[in-house]
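Residue-level structural notes
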Amino acid sequence: MQEEIQKMKEIVLIYLDRSGGLQKFVHDCKKYNESKQSYAVYRFVISINPSDIAELDATLGNYILHNPIKAAEVFQSVCFVAIKTLSLIEQLQTEAQISILLKPTHLPSLPSYVHSLSAFPFNYTSHRFYMSEGIVIAMGIVTKYTQGARFLCTEETCPFSEGFRYIRVHLPGATESATVRNDFVCSLCSSPLQEDMTFRVLGDKQIVEMIDAKVLNALKGYSNNKSHFRIQTFTVFLRDELANRMTIGNHYKIIGIPTCVQNGPQATACIEVSSVQLCKPNGPSFIGENFKYLLSLTSNSCWRFTALLANIFASQVVPPGTYNTLKLAILLSLVQTCEKESADYLDLLVVTSDTLVIDRLLNYSICLLPRGIRHPSSSDIFPSVSKDKHGTGSATIQACSVLLAKGGICYIGDLSSYKKDKLELLQSVLESRTTTLFIPGKKYGAEADQQVTLSVQTNFWSYIDMDSSSKKHIPKDSFLIGQMDLSLLPPNLLDVFGLLIYEFPSCRLSFPLVHHVLKRAINPEATLYRVSQQFRTQDYEEFILFAKNLHVEMSSEAENLIQGYYLASRRVRRDSMHGSNLSASALKILISLSKAHTKLSLRKKVLEEDALIAILLLESSLTLKHGKSALCIEPNAVFPFDLSDENSLQQRDIYLQKCHHHLLQFISAYGPGIHVNTKEE
């Protein structure tokens, strides 16, 4: 065995020399030596490529992967000899003072190296490296732990009453009491050992709770997937340079050593992390053939493709041709989802008296995204602070629905069911796209109070039940033409919601909808329409993931049209007491809607046609809030009639061209000084 260990030491030196690790090690030693301070522990982080080491020596590669703690001792011995031979650290006395942390760059892509966070049993006895991945659902604040400590014999005549003979170093899975306690005895004279507190080395520690990404399927509230699986959170320890490397709500791939931590009578399975890698979802690089064919058929118009997409969308839930304006708004919101802080968000608020159908439609739609979350009414929408359950007494931030829906949709249900304080918090989040948590230091064992601000990167969907809300408050006496009674909600909250949608009750909806509901109740698995076979739910999932990743740019014509409408509307929608009814966020909403329609059309440049649809949708929303303006659009501005054949599509194109001409006249009349290019008739 000694010959094998000696050979591995030689291979370690060769690997460090070839990989550049030796140069980094010498640089780290130089920093320790220049400090002129004597440390109990000198800590070195060594990056390991298992493939390269296995090519040099299979035995050493196997040793690192399956016995990393013992392998670290081999590296420790090599580093000690190197320091002494090259006189790199003058203060170093014993090999025990060197702490080596091995960090593999990757693990072999074999099932035996993958640890599923939803699998059972959880193997924590092997103490070797595994790869796992999951979503961060809770995160503690950074605290301190003992990285290393020096102990001395209490017997003054004992040679070990001085020097660095007894060094305790933290090992993966070890608790604080395993590193530092008062029952150690001298191996030479059996006298008690006492810690020299002046040499204690502290490091940063952060406790994180992770869960398998499969949990997102359970939080959607509706899924075609009938399989059952076990969900359990797991504790992850981030130490030193890895502290604060994770963000709550993100999806990570980690490499670490599973272990079991004993906290009184309770044992907790956990993972000591060695490396952290952010997992970024890769959207499909293709769309279905049926979508390509539909796009080619409608290439002569910038409006027909998206109109047909909305017309046939969600045929599993509602009949084709119904709720077209709402379905178009849903599709626009779905493609405007991403994990960037400066993203163009598009929130939806639906006004309805048919909550059952609308709830089904919204619930079906969030399942088209990996991060579509239906918020359960029994829990908090926004992050909360609680006490750490691992006995440290420090604060832990719980993710809740909003952060789990990062880069997706958070569907919060009936808005009229929330209390005033929750609505005020929602308004604040929609305005700033951040949420702030106050952590009192006295309550959670910290020296000072802390304030943590978290970014909220999700679109919000909600609805108002007009039937129930009308019973909760006294309606207003007077309305403007086209205005709805929305006095149940704060006006500022209505303004920050990107789009307000109201599907006007119609007798023509009743029969197809009742027929659809009855057929679906009799045979839930039946395919009721041909388009449901041609454009399946999976096809729409792939289409949305492809479209949302398109990078689009604004054309100067679209910018001028949007700016002209915005300035003209601010002048028209104004009263002497409150000023303009058009909020500053309206311009952002117009840009977001225009970009979303461009993505949905599978184009990369925003045209005037995209801006027109955005303006019509926003104007409809403003009419519901504040009444009609001088622009005076139709009640169903985007879908004025049924799309039953090609002739109806042609009629809609003619209608939208007239809307465009009417819009230009509106801008020239109420937006003096604004130049918008007009085409000669």
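Now for a description of the structure that goes with this document. These figures come from a predicted structure and were not determined experimentally.

A few words now on the environment of Ile211. Within the fold, Ile211 resides in strand β7 (residues 201-211). Apart from the residues lying within four places of it in its own chain, the contact partners of Ile211 are Leu117, Gly134, Ile135, Ile137, Ile231, Gln232 and Thr233.

Another point: the pattern of salt bridges. For the coordinates displayed, the defined rule picks out 19 salt bridges. A salt bridge links Lys7 to Asp57; the shortest N-O distance between them is 3.7 Å. Here Asp57 lies in the loop between α3 (50-56) and α4 (58-66) and Lys7 lies in helix α1 (residues 2-19), a separation of 50 residues in the sequence. On the accessibility criterion, Lys7 (47% relative accessible area) is partly exposed. A relative accessible area of 8% means that Asp57 is categorised as buried. Residue Lys24 pairs with Asp28 through a salt bridge whose shortest N-O separation is 3.1 Å. On the criterion of helical spacing, the pair formed by Lys24 and Asp28 is a turn pair, its members being 4 residues apart in helix α2 (residues 21-35). Judged by its relative accessible area of 43%, Lys24 falls in the partly exposed class. Using a relative accessible area of 14% as the deciding quantity, one classes Asp28 as buried. Overlapping salt bridges, with partners in common, bring together Arg43, Lys103, Asp240 and Glu241 in one network.

A word on the side chain of Asp347. On the secondary structure map, Asp347 appears in the loop between α10 (324-335) and β11 (348-352). A polar atom in the side chain of Asp347 sits 2.3 Å from the side chain of Arg433.

In this section: the packing of aromatic side chains. All told, the structure shown has 17 aromatic pairs when counted by the stated rule. Between Phe313 and Tyr364 the ring centres are 6.1 Å apart and the planes differ by 55 degrees, which places this aromatic pair in the tilted class. Within this pair, whereas Phe313 is found in the loop between α9 (304-312) and α10, its partner Tyr364 is found in helix α11 (residues 355-366), the two being separated by 51 residues in sequence. The interplanar angle of 45 degrees and the centroid separation of 6.5 Å between the aromatic rings of Tyr565 and Phe666 together place this pair among those described as tilted. Of this pair, Tyr565 sits in helix α19 (residues 556-572) while Phe666 sits in helix α22 (residues 646-670), placing them 101 residues apart in sequence. Here a set of aromatic residues connected by ring pairs shows up, and it is made of Phe291, Phe305, Phe313, Tyr364, Phe535, Tyr540 and Phe543. If you follow Arg128 out to its NZ or CZ, it ends over the ring of Tyr130, 4.2 Å from the centre. A cation over an aromatic ring shows up here: Arg150 above the ring of Phe164, its NZ or CZ 4.4 Å from the ring centre.

Scoring rules and cut-offs
- Residues numbered from 1 in each chain as written.
- Predicted model: local features only at pLDDT ≥ 70, side-chain atom pairs only at ≥ 80, totals over all residues.
- Heavy atoms only, no water.
- Helix = DSSP H or I, 4+ residues; strand = E, 2+ residues; numbered from the N terminus.
- Contact = heavy atoms within 4.5 Å.
- Salt bridge = Lys/Arg side-chain N within 4 Å of Asp/Glu carboxyl O.
- Buried < 20%, exposed > 50% of the residue type's maximum accessible area, 1.4 Å probe, protein only.
- Polar contact = N/O pair within 3.5 Å; in protein donor to acceptor, adjacent residues only side chain to side chain.
- Phe/Tyr/Trp six-rings, centres within 6.5 Å; stacked < 30°, edge-to-face > 60°.
- Lys NZ or Arg CZ within 6 Å of the ring centre and 35° of its normal.

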